[in-house]
Amino acid sequence: MEHGVPALLWYISIHDTPMPDPFKAYDIRGLYPQELDESLAYRIGNASSQVLGLAGKRFCVGRDMRLSGPVLKEAFIRGLVDAGVQVVDVGMLSTPAVTFAMHHLDTAGGAQITASHNPSQYGGIKLTGPGFTPVAAGSGMERIESLARSATIHKQPGGSVTEALTIDAYCSFLAPLWKPSRPLRVVIDGGNGIIGTLFQHLAPKLPGLAIIPVYFDPDGRFPHHDANPLKAENLATLIEQVRTHGADFGAGFDGDGDRCALVDETGGIVPCDLASALLAKHFLTSEGPSAVVYDLRSSMAVPEFITSLGGTPVETRVGHSFIKQTMKSHHACFAGELSGHYYFRDFYGADSGLYAFLLLANLISQASSLSSLIKPLCRYFHTGEINFKVADAQAAMQRLRVLPGATVSELDGVTVRFPTWWANLRASNTEPVVRLNLEAHSAAERDARLNEVKRLIVS
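Being a predicted model, the structure only gives us computed values, none of them experimental. (Residues numbered from 1 in each chain as written. Predicted model: local features only at pLDDT ≥ 70, side-chain atom pairs only at ≥ 80, totals over all residues. Heavy atoms only, no water.)

1. Some details on the packing of helix α8 (residues 272-287) against helix α11 (residues 353-365)
Contact geometry of α8 with α11 gives a least axis separation of 10 Å together with a crossing angle of 75°. Considering the angle they form, α8 stands roughly perpendicular to α11. Contacts between α8 and α11 involve A275, L278, L279, H282 and F283 from the first element and A356, L359, L360 and L363 from the second. Partitioned by chemical class, the residues of the contact of α8 with α11 number eight nonpolar, one polar and no charged. (Axes fitted to C-alpha atoms, helices over the stretch in contact; angles between N-to-C directions. Helix = DSSP H or I, 4+ residues; strand = E, 2+ residues; numbered from the N terminus. Parallel < 35°, antiparallel > 145°, perpendicular 65-115°, else oblique. Contact = heavy atoms within 4.5 Å. Nonpolar A, V, L, I, M, F, W, Y, C, P; charged D, E, K, R; others polar.)

2. Digging into empty space enclosed by the protein
Taken as a whole, this structure holds one cavity of 30 Å³ or more when the rule is applied. Along the walls of the largest cavity sit D189, H225, N228, P229, N234, L235, G252 and F253, which together make up its complete lining. A breakdown of the residues in the lining of the largest cavity according to their chemical character gives three nonpolar, four polar and one charged. (1 Å grid on protein atoms, 1.4 Å probe; cavity = no way out; pocket = protein on both sides within 12 Å on 5 of 7 lines; lining within 4 Å. Points joined across faces, edges and corners; volume = space filled by probe spheres on them.)

3. Re helix α3 (residues 95-104)
Among the 10 residues that make up α3, eight are buried, leaving the element largely enclosed by the rest of the structure. The complete set of buried residues in α3 reads T95, P96, A97, V98, T99, F100, A101 and M102. The distance from a side-chain oxygen at the start of α3 to the backbone nitrogen of A97 is 3.1 Å, and the residue carrying that oxygen is S94. Phi turns positive one or two residues past the end of α3, at D106, with a value near 55°. (Buried < 20%, exposed > 50% of the residue type's maximum accessible area, 1.4 Å probe, protein only. Polar contact = N/O pair within 3.5 Å; in protein donor to acceptor, adjacent residues only side chain to side chain.)

4. Considering the nonpolar core
Formed by 74 residues in total, the largest nonpolar core has its most connected members in F249, F344 and F357. Counting 30 residues, the second-largest nonpolar core is a separate cluster that includes F23, I113, L127 and L147. (Core = buried A, V, L, I, M, F, W, Y, C linked by side-chain atoms within 4.5 Å.)

5. So, the side chain of T107
You can see T107 is positioned in the loop between α3 and β4 (110-113). Look at T107 and you get buried, because its relative accessible area is 5%. Here G109 takes part through its backbone oxygen, which lies 2.8 Å from a polar atom of the side chain of T107. In contact with T107, other than residues within four places in its own chain, are R58, F59, C60, V88, M102 and F132.

6. Here we look at the pattern of salt bridges
Considering all chains together, one arrives at 22 salt bridges under this definition. One salt bridge in this structure joins R221 and D219, with 2.7 Å as the shortest N-O distance. Classification of R221 as exposed rests on a relative accessible area of 54%. Residue D219 is classed as buried on the basis of its relative accessible area, which comes to 13%. The salt bridge involving E452 is made with R449; its shortest N-O contact spans 3.0 Å. One end of the pair, E452, and the other, R449, are both in helix α14 (residues 443-458), three residues apart, so they sit about a helical turn from each other. Residue R449 is classed as partly exposed on the basis of its relative accessible area, which comes to 28%. Beyond isolated ion pairs, a larger network of salt bridges with shared partners links D295, R297, E337, E385 and R426. (Salt bridge = Lys/Arg side-chain N within 4 Å of Asp/Glu carboxyl O.)

7. Some thoughts on the sheet that holds strand β17 (residues 350-351)
The five strands are arranged β14-β13-β15-β16-β17 in an open sheet whose pairing can be described as mixed. In this open sheet, the two edge strands, each paired with only one partner strand, are β14 (312-316) and β17. As paired strands, strand β13 (residues 291-295) and strand β15 (residues 334-336) are joined by three bridges and run parallel to one another. Across the sheet, the residue bridging to V292 is F334, located in β15. (Pairing = 2+ DSSP bridges.)

8. Quick look at the sheet that holds strand β12 (residues 269-270)
Strand order in the open sheet made by the five strands is β9-β8-β10-β11-β12, with mixed pairing throughout. Each edge of the open sheet carries a strand with a single partner, namely β9 (209-214) and β12. Examined bridge by bridge, strand β8 (residues 184-189) and β9 share six bridges and lie parallel to one another. If you follow R185 over to β9, its bridge partner there is A210.

9. Some words on the environment of F344
Mapped onto the elements, F344 comes out in strand β16 (residues 342-344). In this structure F344 comes out as buried when scored by relative accessible area, which is 0%. Sequence separation between F344 and P70 is 274 residues, and the spatial gap between their C-alpha atoms is 30 Å. In this structure F344 touches L279, F283, M327, C333, F334, G349, A350, S352, Y355, A356 and L359, once residues within four positions along its chain are discounted.

10. Regarding the packing of aromatic side chains
One pass over the full model with this rule turns up 19 aromatic pairs. Centre to centre, the rings of F249 and F357 are 5.9 Å apart; their planes meet at 45°, and the pair counts as tilted. Residue F249 is located in strand β10 (residues 249-253), and its partner F357 is located in helix α11; the two are separated by 108 residues in the primary sequence. By relative accessible area, which is 0% here, F249 ends up buried. (Phe/Tyr/Trp six-rings, centres within 6.5 Å; stacked < 30°, edge-to-face > 60°.)

11. Details of the pairing of strand β22 (residues 421-427)
Across the seven residues of β22, six count as buried, placing the element largely inside the fold. As paired strands, strand β21 (residues 414-418) and β22 are joined by five bridges and run antiparallel to one another. Looking at β22, one finds that V414 is bridged to L425. In this structure, β22 lies alongside strand β23 (residues 433-440), joined through seven bridges in antiparallel fashion. If you follow W421 over to β23, its bridge partner there is A440.

12. Some details on the packing of helix α1 (residues 38-52) against helix α2 (residues 69-82)
Where α1 contacts α2, the axes come no closer than 7 Å and their chain directions differ by 35°. The two elements α1 and α2 meet at a crossing, and its hand is right-handed. In contact with E38, A41, Y42, I44, G45, N46, S48 and S49 of α1, α2 contributes V71, L72, A75, F76, R78, G79, L80 and D82. (Left-handed = near helix turned anticlockwise from the far one by under 90°.)

Following this line, the structure appears as structure tokens:
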């Protein structure tokens, strides 16, 4: 893939294939009810209280618009209440809005009942513990899984459920970010996820924004396309509407509203790593020198651009828990992932699709077009992420590691760097595959090196 061309076929979701185990590295996600049902949700709620020490504390719980959401949330809350937790039910919100609610209400963390961008038959739970620490592998997930699977139930009096409405407070928090230099006409594809509801509350606070809404009605069946904006086929309507209406740009959001992908005024899809570079520009020009975190799959253009603006690029491994920790340790102003997650120091170090949308819209309003902002960053030629099924992931990575003349990094899998190209090979946490990203200075070298690396992986 050449950066800037209208294609995102290189992005492959790690959840495209049904997984037998709903406990993942970063959250809980599985087919409903085969892999995640009300009984397991109850046990996960109860186990979460035990592991995170929630008894007697307030804990925030929300959900997205999935059809399984109400019953999974009710069961999860019962598990918490039986363990003595004071649950604050914040209703149907985006995942970032639940993050905001945790801080706004000063609870001991929270949970969002969501399967993010997965197809409609999935359900899931994203957990945040006291101190707003993500619950993931290595930070409590294994213990929660063990207690939930063994049905080790703890009951304690004092549990309760209250309700709180925080959506308007969240929108009031976001609205001051809106500082466009000119009126904007924008097509927004909500994908029948939760983001349409958020825009109904936020849009009146954004003067000068003319929205052309697409699929704004929340519908957990996802009748038009999956709520995953990083697949090109899911952006077809957005692209068509941008061209039809002569919009300044288009934005597509995932099911739970924590990711945002852009298309420019011509309908060209903007790679998310290059959108990260634009957001880095916003912070580095408005706030001065700072660290900016980017994931190791990103184009070489990203750290080069950050450095040119006086920033310090900090490479990190893939995954929100690693990115948040890296941001914290470097006091970074911002972090971006190739997957379309954008993290902000001023948003508790968490990600928000709407936060990113507002800042990117400001930048676009200051330029003649979005494509003119992206074009200077399209300097290299990227394969995108490619999956390979292998019998031995470690052996495949070892074959890449010993390429003559390579500078080798093992931050996340194996990365080999040469003067005019690089490649990263990582083992999946959820599938029997390895994931390859490769980039070169020319399309010809990209294709040649890709063939070379393919032979090493499958040999």
